[in-house]
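What follows is each chain in one-letter form.
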Amino acid sequence: KFQFENLVGNDHQIQKIFDLILLVADTEATILINGASGTGKSTIARAIHYHSSRKDQPLVEISCGALSENLLESELFGHVKGAFTSAMYEKMGRIEKAQEGTVFLDEIDTLSLGLQVKLLRFLQDRKFEKVGGTETIQSGARVIAAANRDLEQCVARGEFREDLFYRLNVVSIKLPPLVDRLGDILPLVEHFVAKYNKINSKQVKGVSNEVMKHLLSYEWPGNV
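All values reported here derive from a predicted model rather than from experimental measurement.

Thresholds applied
- Residues numbered from 1 in each chain as written.
- Predicted model: local features only at pLDDT ≥ 70, side-chain atom pairs only at ≥ 80, totals over all residues.
- Heavy atoms only, no water.
- Helix = DSSP H or I, 4+ residues; strand = E, 2+ residues; numbered from the N terminus.
- Buried < 20%, exposed > 50% of the residue type's maximum accessible area, 1.4 Å probe, protein only.
- Contact = heavy atoms within 4.5 Å.
- Areas by Shrake-Rupley, 256 points an atom, 1.4 Å probe, with all protein chains shown as cover.
- Lys, Arg positive; Asp, Glu negative; His and termini not counted.
- Charge placed at Lys NZ, Arg CZ, Asp CG, Glu CD.
- Axes fitted to C-alpha atoms, helices over the stretch in contact; angles between N-to-C directions.
- Parallel < 35°, antiparallel > 145°, perpendicular 65-115°, else oblique.
- Left-handed = near helix turned anticlockwise from the far one by under 90°.
- Nonpolar A, V, L, I, M, F, W, Y, C, P; charged D, E, K, R; others polar.
- Pairing = 2+ DSSP bridges.

Undergrad: Now, about the overall build of the chain: what can you tell me, with residues and values included?
TA: Summing up its helical and strand segments, the chain has nine helices and nine strands in all. Once the C-alpha set of the chain is aligned to its principal axes, its extents read approximately 65 × 45 × 35 Å. Counting the 224 residues in the chain, one finds 42% classified as buried. Summarising the internal contacts of the chain: among those between residues at least 6 apart in sequence, 72% fall at separations of at least 24. For the chain, the exposed surface amounts to about 12200 Å²; the carbon and sulfur share of it is 50%. Across the chain, the mean location of the 27 positive side-chain charges is 4 Å away from that of the 29 negative side-chain charges.

Here you go:
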């Protein structure tokens, strides 16, 4: 489903990103993907995982912006029974579940400063403790992070730790907005027509020249 050939784009900017994926996928480097919502950050992260030697290990994804700080800490690192009021049983965190696979942390720019410290320690030592626990756990999971905002600007404003930024930003992939790669509209249209033909058992051949003219003049605020 997420093999490299399913990434769509002929634009030179995207082709450079594809080349970079091939270069770094089968390394141990931590990767930071930056781009506006809808530019394909999760698709790129999956392509990296499935083109690495970790492809047979779990790919665990979590959206950091979707959960409160306490829930996110438990999701990432797990918790022991009794760690908080509703902790009726011990829970394994996503990082531990990933084993020797990949953890994809989307919207990393929303991470609280407290959790940034705990994530930094994991990136440095590959060690962590569950919420409320004292036992040190090790994990060999690779981390790929993604941000909607410019993390360097977040660092300048004191919203993101500089040391964590440099730990994450070993390899930087910046995804351009769709309005800057209008040459990819046609292959994307062909891709989605083929995809939804299959899903809906249709045989749509394509779109008219008039429709394509509108697609090429649209600003695409939601990107792909």
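Resuming the write-up.
Undergrad: Talk me through the packing of helix α8 (residues 185-200) against helix α9 (residues 209-217); I want residue IDs and the actual numbers.
TA: Angle between the axes and distance between the axes are the two parameters that describe a pair of packed helices. Between α8 and α9, whose axes approach to 10 Å, the crossing angle comes to 120°. Compared by their axis directions, α8 and α9 come out oblique. In the packing of α8 onto α9, the handedness of the crossing is right-handed. Of the residues in α9, those touching α8 at Ile185, Leu186 and Val189 are Met212, Leu215 and Leu216. Tallied by class, the residues present in the contact of α8 with α9 amount to six nonpolar, no polar and no charged.

Undergrad: Go over the environment of Glu96, please, and point to the residues and values.
TA: Within the secondary structure, Glu96 sits in helix α4 (residues 94-97). By relative accessible area, Glu96 is classed as partly exposed at 23%. Residues within four places of Glu96 in sequence aside, it is in contact with Phe128, Lys130 and Ile137.

Undergrad: Explain the pairing of strand β5 (residues 102-106) to me, and be specific about the residues and the numbers.
TA: With five of five residues buried, β5 lies mostly within the body of the structure. Across five bridges, strand β2 (residues 59-63) lies against β5 in parallel orientation. In the sheet register, Leu59 faces β5, and the bridge partner there is Thr102. In the sheet, β5 pairs with strand β8 (residues 142-147) via four bridges, with the strands oriented parallel. If you follow Val103 over to β8, its bridge partner there is Val143.

Undergrad: So what's going on with helix α3 (residues 69-77)? Which residues, and what values?
TA: Every α-helical turn comprises 3.6 residues, leaving residues that sit three or four positions apart pointing alike. Within α3 the residues assigned to the buried category are Leu72, Ser74, Glu75, Leu76 and Phe77. Positive phi appears at Gly78, one or two residues downstream of α3, with a value of about 80°.

Undergrad: Describe the environment of Cys154, and please don't skip the residues or the numbers.
TA: Its location among the elements puts Cys154 in helix α6 (residues 151-156). For the pair Cys154 and Asp109, spaced 45 residues apart in sequence, the C-alpha separation works out to 7.7 Å. If we skip the residues at most four places from it in the chain, Cys154 touches Arg149, Glu159 and Phe160.

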